[in-house]
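The lines below spell out each chain.
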Amino acid sequence: MPAPILDRSETDHALPKKADVVIIGGGIIGVSTVLFLAERGVDVVLCEKGVLGGEQSSRNWGWVRVMGRDRREIPLAIEALKIWDGLDERVGGQTGFHRSGIAYISETETDIANRDAWLKLAQAHGLDTRQIGPDETAAVMLGAGQRYKGALYTPSDGRAEPQKAVPAIAAGARRAGARILTGCAVRGIEKSAGRISAVITEKGRIETSTVVLAGGAWSRLFCKGLGIRLPQLKVRNSVLRTSAVNRGPDGAGATASYAYRKRLDGGYTIANGGINMHALVPDSFAFFRDFQPA
Ligand SMILES: Cc1cc2nc3c(=O)[nH]c(=O)nc-3n(C[C@H](O)[C@H](O)[C@H](O)COP(=O)(O)OP(=O)(O)OC[C@H]3O[C@@H](n4cnc5c(N)ncnc54)[C@H](O)[C@@H]3O)c2cc1C
């Protein structure tokens, strides 16, 4: 199968002379930021070097979850899910978001015991997460070829469509007044008297006093050029797609070895559940201490 095909995005062509805020990068972070700022009446421009959502944001698993998050992320993830609930209406498009549940499958008694710690966090936040037994797991994992011991299950977690969400949010942002340019790499930031005065793009200069860097895996490189140390390392993972499957689980889930999510087109996005590849590069050593705890 070819690379994921994104929904079509309309964009702007004329480079504005100035803006209140310039956002670098048109992934999920950049387009969400541009939407929220435009809705508040901020004069905002987004510059994307390639196409909208053309990098990691169209290649992720498509899970929208609170379950399993670090305790410090839980309140933010709860708020994010509330935003997803109303997002289609807000942007007048289709992100593919559904609260279809996520299950962390337990294959051993130890898995079940280990999941209790997160269950306590969930209960403290009033979430609907619970430990389910083999029968309910079989119903959640409809069509599974084996019987599992159970699962930590959060019915209110959801899934979205990575190839739809970014274009839909970007379209909503443009309707709210944002300008979005693609094929427009930002090469650097200009300063006057110690303050940001402009961004320099491959198409010209935009005067601004505020820049949001949402450059994904390129952010470290961009910051390095500005003399800013951003501890960021890259991982590589493979994600595959099946074509439509008639009978199967509706939501998303993970066992120790693989993760799955049903897509709107009826197929599944399948990935390695727990292993990421990291190439040893000079930054691996430069940021060794930052990442040592992980
Ligand atoms: C295997 C895997 C699975 C994942 N699954 C999930 C999941 O299920 N759920 C979830 O919520 N998250 C998931 N994530 C994380 C999620 O994919 C990322 O957090 C998210 O996509 C990052 O979005 P972003 O906008 O920061 O970056 P990106 O999508 O990478 O966007 C950055 C954009 O900036 C542009 N850019 C960079 N430099 C410049 C420049 N100088 N000028 C102009 N443009 C520039 C790039 O071209 C790119 O389009 C997963 C991640 C991985 C690796």
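Up top you'll find the structure we're talking about.
Since this is a predicted model, take the numbers as computed values, not measurements.

Colleague: Go over helix α1 (residues 28-39) with me, naming the residues and quoting the values.
Modeller: With twelve residues, α1 extends 17 Å from end C-alpha to end C-alpha; this agrees with the ideal 16 Å at 1.5 Å per step. Within the span of α1, buried status applies to Gly30, Val31, Val34, Leu35 and Ala38. In an axial view of α1, the angular spread of the buried residues amounts to 135°, which keeps them on one side of the axis. On its buried face, α1 sits against β1 (21-24), β2 (44-47), α2 (74-91), α5 (162-175) and β8 (179-181).

Colleague: Please set out the sheet that holds strand β9 (residues 186-192) residue by residue, giving values where relevant.
Modeller: Overall, antiparallel pairing links the three strands, which are arranged β9-β10-β11 in an open sheet. What marks the edges here is a single partner per strand, and that holds for β9 and β11 (204-207). This sheet shows a mean twist of 30° between the axes of neighbouring strands, independent of strand direction. The pairing of β9 with strand β10 (residues 195-201) spans six bridges and is antiparallel. Across the sheet, the residue bridging to Ile189 is Val199, located in β10.

Colleague: Which residues make up the site of the ligand, and what values do they have?
Modeller: In the vicinity of the ligand, 25 residues are found, and the nearest of them are Glu48, Lys49, Ser57, Trp63 and Val186. The contact in question runs from an oxygen atom of the ligand to an N or O atom on the backbone of Ile29, over 3.1 Å. For the ligand, whose free accessible area comes to 1,000 Å², the fraction covered by protein is 79%. Partitioning the shell around the ligand into residue classes produces twelve nonpolar, ten polar and three charged.

Colleague: Residues and numbers for the sheet that holds strand β12 (residues 210-213), please.
Modeller: Taking strand neighbours across the sheet as the criterion, the four strands line up as β8-β2-β1-β12 in an open arrangement whose pairing is parallel. Where the open sheet ends on each side, the last strands, each with one partner, are β8 and β12. Neighbour-to-neighbour, the strand axes of this sheet turn through a mean angle of 20°, independent of strand direction. In terms of strand pairing, β1 meets β12 through four bridges, oriented parallel. Looking at the pairing, Val22 lines up with Val211 of β12. Sheet strands in contact with α1 are β1, β2, β8 and β12, and its direction is about 170° off that of β2.

Colleague: Could you give an account of unusual backbone geometry, with specific residues and numbers?
Modeller: Of note, the phi angle at Ala193 is positive, near 50°, even though the residue is not glycine. Within the secondary structure, Ala193 sits in the loop between β9 and β10. The class for Ala193 is exposed, based on a relative accessible area of 84%.

Colleague: An account of the state of the cysteines is requested, with residue identities and associated values reported.
Modeller: If you walk through the whole model with that rule in mind, you get zero disulfides. Here Cys47 stays free of any disulfide, with the sulfur of Cys184 as its closest cysteine sulfur at 4.1 Å. For Cys47, a relative accessible area of 1% translates into the label buried. Summary of cysteine pairing: Cys223 is not part of a disulfide, and the nearest cysteine sulfur, belonging to Cys47, is at 16 Å. Overall, the relative accessible area of 8% leaves Cys223 in the buried class.

Definitions and limits used
Within each chain, residues carry numbers counting from 1 in the order of the written sequence. Side-chain atom pairs in this predicted model are given and counted only at pLDDT of 80 or more, local residue features only at pLDDT of at least 70, and totals for whole chains, interfaces and linings cover all residues. Side-chain metrics rest on all non-hydrogen atoms present in the structure, leaving aside hydrogens and water. The helix count covers DSSP runs of H or I at least four residues long, the strand count covers runs of E at least two residues long, and both are numbered beginning at the N terminus. By definition here, a helix of n residues has an expected span of 1.5 Å times n minus one. Relative accessibility decides the category of a residue: with a 1.4 Å probe and only protein chains considered, values under 20% of the type maximum give buried, values over 50% give exposed, and everything between is partly exposed. Of all possible arcs, the one meant is that of the directions from the helix axis to the C-beta atoms. When checking whether two residues touch, look at their non-hydrogen atoms; a contact exists if any pair is within 4.5 Å. Paired strands, in this sense, are two strands between which DSSP finds at least two bridges. Note on geometry: axes are lines fitted to C-alpha atoms, helical ones only across the stretch in contact, with angles between N-to-C directions running from 0 to 180 degrees. Throughout, near means a residue has at least one heavy atom within 4 Å of the molecule or strand. For this analysis, a polar contact is any N or O atom pair within 3.5 Å, provided that within protein one partner can donate a hydrogen and the other can accept it, and provided that sequence-adjacent residues contribute only side-chain to side-chain pairs. Accessible areas in this description were obtained via Shrake-Rupley with a 1.4 Å probe; residue shielding takes into account the shown protein chains only. Three residue categories are used. Nonpolar comprises Ala, Val, Leu, Ile, Met, Phe, Trp, Tyr, Cys and Pro, charged comprises Asp, Glu, Lys and Arg, and polar comprises the others, including Gly. Cysteine sulfurs are considered disulfide-paired once they come within 2.5 Å of each other.

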